[in-house]
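# Report on the structure
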Amino acid sequence: MKASTPGTRLPFRRGSVEYCLGTEADHEAVYQTLLHVFHGPDREAYLGALNDPAYRPDQRLLVKVDGRIVSHVHLTEREIRYGSVKLTMNGVMWVGTLPEYRGLGFAQNLMRLADERSRATGAVVQALTTGMPQFYRPLGWGVCGRQTYGLTLSRNLPQVSDGVVEGKGGGWHVRPWRQVELGDLMRLHDVQYASTTGSVFRSEEYWRWLIGRRYAHVIWVACQGEAVRGYAFVKDHRVLETAFDPAHPQALRALLGRIRAEALERAYPEVIVHAPVDHPVLDVYRTTSGRVFDQDSVDGQVSMYHVPDVGRFLKAILPELNLRASQAGVASPLELGVTAGDQRWLIHIEGKSSRVEPDKLSRRHLTLSPASFVRLVMGHTGVDAAAAEENFSASTATALDAARILFPVQPIWRSPLDSATA
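The present account deals with the structure reproduced in this document. (Residues numbered from 1 in each chain as written. Predicted model: local features only at pLDDT ≥ 70, side-chain atom pairs only at ≥ 80, totals over all residues. Heavy atoms only, no water.)

The packing of two helices is summarised by the inter-axis angle and the distance between the axes. At a minimum axis distance of 11 Å, the contact between helix α5 (residues 182–192) and helix α6 (residues 204–212) shows a crossing angle of 105°. Between α5 and α6, the interaxial angle falls into the category roughly perpendicular. Touching L182, L185, M186 and H189 of α5 are E204, W207, R208 and I211, all from α6. Looking at the contact of α5 with α6 residue by residue, the classes come out as five nonpolar, one polar and two charged. (Axes fitted to C-alpha atoms, helices over the stretch in contact; angles between N-to-C directions. Helix = DSSP H or I, 4+ residues; strand = E, 2+ residues; numbered from the N terminus. Parallel < 35°, antiparallel > 145°, perpendicular 65-115°, else oblique. Contact = heavy atoms within 4.5 Å. Nonpolar A, V, L, I, M, F, W, Y, C, P; charged D, E, K, R; others polar.)

This is the structure:
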């Protein structure tokens, strides 16, 4: 039974089955459904999620049978970086159906309705983390964004004591953060991850809510006098996120020294750090006989992205595409047609006259599946790797050249702090 056709309005009922948006009255029933499907989250974590500054009950898509919630999808709302532009994103979470109702297509229908919901609310991209990529691929999702982290022996981290002097800047010391230093954390995060595709823009309200979720057991700050130059979110032997002022690289060394001391004190033989592949902390791990992992899957979990509306996505990233063409020094205009599934679009790059046109192609055009499209445009594969995927074709060699300029390979990364809530 398919509930989703273009323009489906919710609630939608067929017999005893109802597809609808969540309301506040559904919260307890949703929680009980999640417990039966996932054996979690615990009540404190569930109630904490309801305090997300962007949360609304109608972000939940539900299937009810005779009034009972049997299938569920939650769409969070975030903004992520894509080069020089912001993209509105739906994080897709808690996709599940009660065991006795599986095999009836409820979850697939909810995912199709999630596409329509994204179009209605203006989200241009969707993201999720899953151990079942085979469920999402037929729906146009592509594995996108690598799992990147470093691992080293605790004793191999830099050994630094409080009071290390760096030139005229004074001594360094590392201590737990203070509430009044939230602005410093926000500033350092924005500087560190300004060019990281997929990283989440965080408002002050979102920061306070994120810290309140207590994903880290401690937040260390590296200070020079009273000036905060770096921070690290640490959970047991894992550094979930770290950032520092690039003008003060010693801040990173000071943080790692404190993390080393704590790990040894708590008898953790290894320390893992999560960071994008171009983060300086991974260079430190490489020089300390550590290993850096950069792979699609970790413990069976992969990151996936989906573009529910190709035209809206291309229009949203057009300023960044124009910038890439300008930096490459290519002759104007630059055109590339794209056929993704049943949608055709022409990308026309010509300075202020740049535009995206529907139902048009040019001599230079690519044909690819929706999953291959999202992997290419997000920068996960690059056109040369995309060309090896099924159903890919390019009209000319110059079409491949244009795609290399517009869609280069780039790291795609979301902090574990954000991916847990997005």
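This next bit is on the side chain of S71. As for its placement among the helices and strands, S71 is situated in strand β4 (residues 68–82). Among the polar contacts made by the side chain of S71, one reaches the side chain of T97 at a distance of 2.8 Å. When neighbours within four sequence positions are excluded, S71 is seen to be in contact with L61, L62, V63, G96, T97, F106, A107 and L110. (Polar contact = N/O pair within 3.5 Å; in protein donor to acceptor, adjacent residues only side chain to side chain.)

Membership of the largest hydrophobic core comes to 65 residues, with the highest contact counts inside it found for F233 and F407. Broken down by element, the residue count for this core peaks at seven residues, all from helix α9 (residues 310–328). Sequence-distant contacts of F407, defined by excluding residues within four places in its chain, comprise Y82, I317, L321, R324, L336, I347, L376, V377 and G382. (Core = buried A, V, L, I, M, F, W, Y, C linked by side-chain atoms within 4.5 Å. Buried < 20%, exposed > 50% of the residue type's maximum accessible area, 1.4 Å probe, protein only.)

This brings us to helix α1 (residues 27–38). The terminal C-alpha atoms of α1 lie 16 Å apart, and with twelve residues this matches the ideal 16 Å at 1.5 Å per residue to within 8%. Buried within α1 we find H27, V30, Y31, T33, L34 and V37. All buried residues of α1 fall inside an arc of 165° around its axis, so they share one side. Where α1 is buried, its residues touch α2 (43–49), β3 (60–65), β4 and β5 (85–97). Positive backbone phi, at 60°, marks H39, one or two positions downstream of α1. (Expected span 1.5 Å × (residues − 1). Arc of directions from axis to C-beta.)

This part covers the environment of S203. Assignment of secondary structure puts S203 in the loop between α5 and α6. Residue S203 is classed as partly exposed on the basis of its relative accessible area, which comes to 40%. On a C-alpha basis, the gap between S203 and P53 in space is 9.4 Å, while along the polypeptide they are 150 residues apart. Polar contacts involving the side chain of S203 include one to the main-chain amide nitrogen of Y206, which spans 3.1 Å.

A few words now on the packing of aromatic side chains. Applying the stated rule across the entire model yields 14 aromatic pairs. Aromatic side chains Y206 and W209 sit 5.7 Å apart centroid to centroid with 45° between the ring planes, which places their arrangement in the tilted category. Of this pair, Y206 and W209 both sit in helix α6, three residues apart, roughly one helical turn. Judged by its relative accessible area of 5%, Y206 falls in the buried class. Looking at W209, the relative accessible area reads 10%, which means it is buried. Measuring from ring centre to ring centre gives 5.6 Å for Y231 and F233, while their planes differ by 85°; the resulting arrangement is edge-to-face. Of the two residues, Y231 and F233, neither departs from the other in class, the shared state being buried. Chaining the aromatic ring pairs together yields one cluster made of F12, Y19 and F106. Directly above the ring of F201 sits R81, whose terminal nitrogen or CZ lies 4.1 Å from the centroid. Note that R202 overlies the ring of W207, its terminal NZ or CZ placed 4.7 Å from the centroid. (Phe/Tyr/Trp six-rings, centres within 6.5 Å; stacked < 30°, edge-to-face > 60°. Lys NZ or Arg CZ within 6 Å of the ring centre and 35° of its normal.)

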